[in-house]
Amino acid sequence: MRVEPVPALEGHVAVPGDKSISHRAVLVGAICEGETRVSGFGRSADTEATIEAVRALGVRVDEPEVDALVVHGAGLRGLREPSHALDCGNAGTLMRLLAGILAGQRGRFELVGDESLSRRPMERIAGPLRTMGALVETTDGHAPLVVEGSELHAVRYELPVASAQVKSAVLLAGLYADGGETTVVEPLPTRDHTERLLERAGADVRRAPGKVSVRAAERISLGELEVPGDFSSAAPLLVAAAIVPGSELTVHGVGLNSRRTGLLDVLERMGARIAIYNRRAIGGEPAGDIEIRASELVGTSVTAGEVPVLVDELPLFALAACHAHGDSVVRGAQELRAKESDRIAGVVEELRKLGAHIRATRDGFRIRGVPARLRGGRVDARGDHRLAMLGAVAGLSSREGVEVVGAEVVETSFPGFFTLLGQLTR
Ligand code: S3P
């Protein structure tokens, strides 16, 4: 896919429903009593894998519209052992959260993933689930995983890495754990969609600074759930508008949970012109319309403490920093090496090919900004949707355009991405 330079981006758009919340709506809906009616569902290859996984576990899911689902919950202990392995595709969220739920079911479950997911660390969930009493086998620390449901007991677990996926796996298993509260202690705040959703479903969730607890539940039910737009899908559009001079763009109905929107704070620090309108709640999450206008940017440092609130946006931050006055640095982001690809290596090597001055460190990047368009060239998406979108945004703000090799991987999270991009450019 070739992305040509544009003079400016402008318009009003909406993005698909939040991927993290869409996965959780289906997974939690599957263990609810009765129907969960989901609107604004973010349909993508990842979230379709979640629908197929719960279907294989005996849950009926109707799809009356492309962004509407009805999940017919099987109840907390109602999932059935499938006849085949559950295919999680590229979706780490699916594999890790589902393992937490399966730990409390009757049966033996095998979870497999694609090549990228099979390289990602799985002991980080297997370890705490075992301490709760589950039988979990990994393949040298990776998928395929085998989970055998057992009697679980409550634990207090201190996360060694700030990970919402690991936190969520333990909390979901906590719904089945005897002996009081299951508590997860976080080194840094990570996205809290699971705790919000469980609370909404009637589970006994307690939150305190730095920790969250859940007690075993008899039954949970969600009823209706509207999913806000995905901030991580809005992010490429926002960064494009921030760096292409003359741009003015509004993304409507986007989730603004502060544990997701670190990029907005960082861009504001760099001098971006951002305004939020129509603040409201969508499905128990803060949301609103984000307006952004291009401006001159200055470099900044992203500290380790900020990383979890913009973890999926750090590649885009790197691109914005390439266009800023002065130097930028990202520290404490070694988790980027454990994503769909090694995003430290990928971002640095691919942006350098376009003429950027960026180098990798063990735990992040260093960038020398030049407030001008990058030359352009070829970007290899490396099977990673966030790198494909990074290459596309770089193309819009380049002098010569960018050929994004393997661009179709955007389907993982944002199937209509290139069509939408085409509508914003003149
Ligand atoms: C996610 C959590 C993050 C994020 C991923 C989605 C989630 O991963 O990178 O894209 O939905 O919980 P970690 O929690 O492993 O950092």
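Because the structure is a prediction, the values reported are computed rather than measured.

For strand β20 (residues 301-302) and strand β21 (residues 326-330), the ladder comprises 2 bridges, and the chain directions are parallel. Bridge pairing in β21 links S301 to V329. Taken together, β20, helix α9 (residues 314-322) and β21 constitute a β-α-β crossover, and its handedness is right-handed. Here β21 runs beside strand β23 (residues 364-369); their pairing, made up of 5 bridges, is antiparallel.

What follows covers helix α1 (residues 19-30). Its 12 residues give α1 an end-to-end C-alpha distance of 17 Å, which sits within 8% of 16 Å, the value for a rise of 1.5 Å per residue. For α1, the buried fraction is high: 12 of the 12 residues fall into the buried class. Of the positions making up α1, those classed as buried are K19, S20, I21, S22, H23, R24, A25, V26, L27, V28, G29 and A30. Structurally, the start of α1 carries an N-cap: the backbone nitrogen of S20 is 2.9 Å from a side-chain oxygen of D18.

On to the nonpolar core. The biggest cluster of nonpolar side chains holds 77 residues, and the ones touching the most others in it are L351 and F365. Apart from the residues lying within four places of it in its own chain, the contact partners of L351 are A318, L319, C322, A356, I358 and L390. V61, L69, Y176 and A177 belong to the second largest nonpolar core, which has 72 residues in total.

This paragraph deals with the sheet that holds strand β25 (residues 402-405). Pairing within the open sheet is mixed, and its 3 strands lie in the order β1-β25-β24. The outermost strands of the open sheet, each flanked by one partner alone, are β1 (2-3) and β24 (377-380). In this structure, β24 lies alongside β25, joined through 4 bridges in parallel fashion. Looking at β25, one finds that D380 is bridged to V405. Where helix α11 (residues 385-396) meets the sheet, its contacts fall on β1, β24 and β25, and the angle it forms with β25 comes to roughly 170°.

Glancing now at the sheet that holds strand β4 (residues 60-65). The mixed open sheet is built from 4 strands, whose spatial order is β4-β5-β3-β16. The open sheet terminates on both sides in strands that have one partner only, identified here as β4 and β16 (223-226). Taken pair by pair, the neighbouring strands of this sheet meet at an average axis angle of 20°, ignoring direction. The pairing of strand β3 (residues 35-39) with β16 spans 4 bridges and is parallel. From the neighbouring strand, V38 faces β16, where its bridge partner is L225. Across the sheet, α1 is in contact with β3, β5 (68-72) and β16; its angle to β5 comes to roughly 25°.

Another aspect to go through is the site of the ligand. Taken together, the residues surrounding the ligand are S20, R24, T93, S163, A164, Q165, R191, V311, D312 and K339. Residue T93 places a side-chain N or O atom 3.3 Å away from an oxygen atom belonging to the ligand. Contact distances for the ligand include 2.7 Å between an oxygen atom and a side-chain N or O atom of D312. Here the ligand, which alone exposes 380 Å², has 93% of that area covered by the protein. Elements that contribute at least two residues to the shell around the ligand include exactly α1 and α5 (164-174). The residue inventory of the shell around the ligand, partitioned by class, reads 2 nonpolar, 4 polar and 4 charged.

How each quantity is defined
Residues numbered from 1 in each chain as written. Predicted model: local features only at pLDDT ≥ 70, side-chain atom pairs only at ≥ 80, totals over all residues. Heavy atoms only, no water. Pairing = 2+ DSSP bridges. Helix = DSSP H or I, 4+ residues; strand = E, 2+ residues; numbered from the N terminus. Right-handed = clockwise from strand over helix to strand, strands pointing away. Expected span 1.5 Å × (residues − 1). Buried < 20%, exposed > 50% of the residue type's maximum accessible area, 1.4 Å probe, protein only. Polar contact = N/O pair within 3.5 Å; in protein donor to acceptor, adjacent residues only side chain to side chain. Core = buried A, V, L, I, M, F, W, Y, C linked by side-chain atoms within 4.5 Å. Contact = heavy atoms within 4.5 Å. Axes fitted to C-alpha atoms, helices over the stretch in contact; angles between N-to-C directions. Near = heavy atom within 4 Å. Areas by Shrake-Rupley, 256 points an atom, 1.4 Å probe, with all protein chains shown as cover. Nonpolar A, V, L, I, M, F, W, Y, C, P; charged D, E, K, R; others polar.

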